[in-house]
Amino acid sequence: MVSSPVVNTYPLTNYTFGAKEPKMEKDTSVADRLARMKLNYMKEGMRTSVEGILLVQEHNHPHILLLQIGNTFCKLPGGRLKPGENEIEGLKRKLFSKLAPSSASFQPNWQIGECVATWWRPNFETVMYPYCPPHITKPKVSCIHHIRGQICQLSYHTKTNNFYFQECKKLFIVHLSEREYFAVPKNLKLLAVPLFELYDNVQRYGPVISTIPQQLSRFQFNMVTS
């Protein structure tokens, strides 16, 4: 029998939270974001983004740290990789940007663990899929596609339309130390949301975040209380 991977989770009260200068969003609407992504795709090929699942515990139950924008929209910390950038180093860079204080003496020790999910966005759609959609079939022209850490050139078409993988999003476990100091941009909130609230709550959190409880079901949580 293969043993489940273990994730140590520490009490939320172990962590200290401060503030830093705002980090403004580049887009004011979903339409603006998709337009910018399409422009970047024409310049650089498929967008690859990475996000971190940071786990803490309260009341002996795992909670995930989410960044809240405004009053409703929540997202995992992370973002777009630079062309050719390593996924692990890119995620660390994004975590430093989103959650690390300015002082070098308080930098968190990010330990990036397993990739727990990969999501695909074809043809500039608003919806992402946890698999390659069946309507994307035969190779046609070039775009960037990651397979087992290597880059090859692929694109796809059907009989009537061209379909491209416009974005690949990967979610990674981030193993937190027992104590850390986080600095949150002043225009964002950092929430600790229990897994039971995320589960199947697509309307509130969207399909990517609301399926994290299922993706974490193969892990064993070690609730460290001391």
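Below you will find a few notes about this structure. (Residues numbered from 1 in each chain as written. Predicted model: local features only at pLDDT ≥ 70, side-chain atom pairs only at ≥ 80, totals over all residues. Heavy atoms only, no water.)

## Regarding the pattern of salt bridges
If the charged atoms of two oppositely charged side chains come close together, the side chains can form a pair. Across all of its chains, the model carries 7 salt bridges by this definition. Close ionic contact of Arg93 with Glu85 constitutes a salt bridge, the shortest N to O distance being 2.8 Å. Judged by relative accessible area, which is 28%, Arg93 ranks as partly exposed. In this structure, Arg121 engages Glu167 in a salt bridge whose closest nitrogen and oxygen atoms are separated by 2.8 Å. One end of the pair, Arg121, is in strand E7 (residues 111-122); the other, Glu167, is in strand E13 (residues 165-175), with 46 residues separating them in the sequence. No difference in accessibility class separates Arg121 from Glu167, as the two residues are buried. In this structure, a network of salt bridges that share partners links the residues Arg47, Arg121 and Glu167. (Salt bridge = Lys/Arg side-chain N within 4 Å of Asp/Glu carboxyl O. Buried < 20%, exposed > 50% of the residue type's maximum accessible area, 1.4 Å probe, protein only. Helix = DSSP H or I, 4+ residues; strand = E, 2+ residues; numbered from the N terminus.)

## What about the packing of aromatic side chains?
Summed over all chains, the structure comprises 5 aromatic pairs. Between Phe17 and Phe182 the ring centres are 5.6 Å apart and the planes differ by 25°, which places this aromatic pair in the stacked class. On the criterion of sequence distance, the pair formed by Phe17 in strand E2 (residues 16-20) and Phe182 in strand E14 (residues 181-185) is long-range, its members being 165 residues apart. Note on Phe17: relative accessible area 38%, which makes it partly exposed. What makes Phe182 buried here is its relative accessible area of 0%. (Phe/Tyr/Trp six-rings, centres within 6.5 Å; stacked < 30°, edge-to-face > 60°.)

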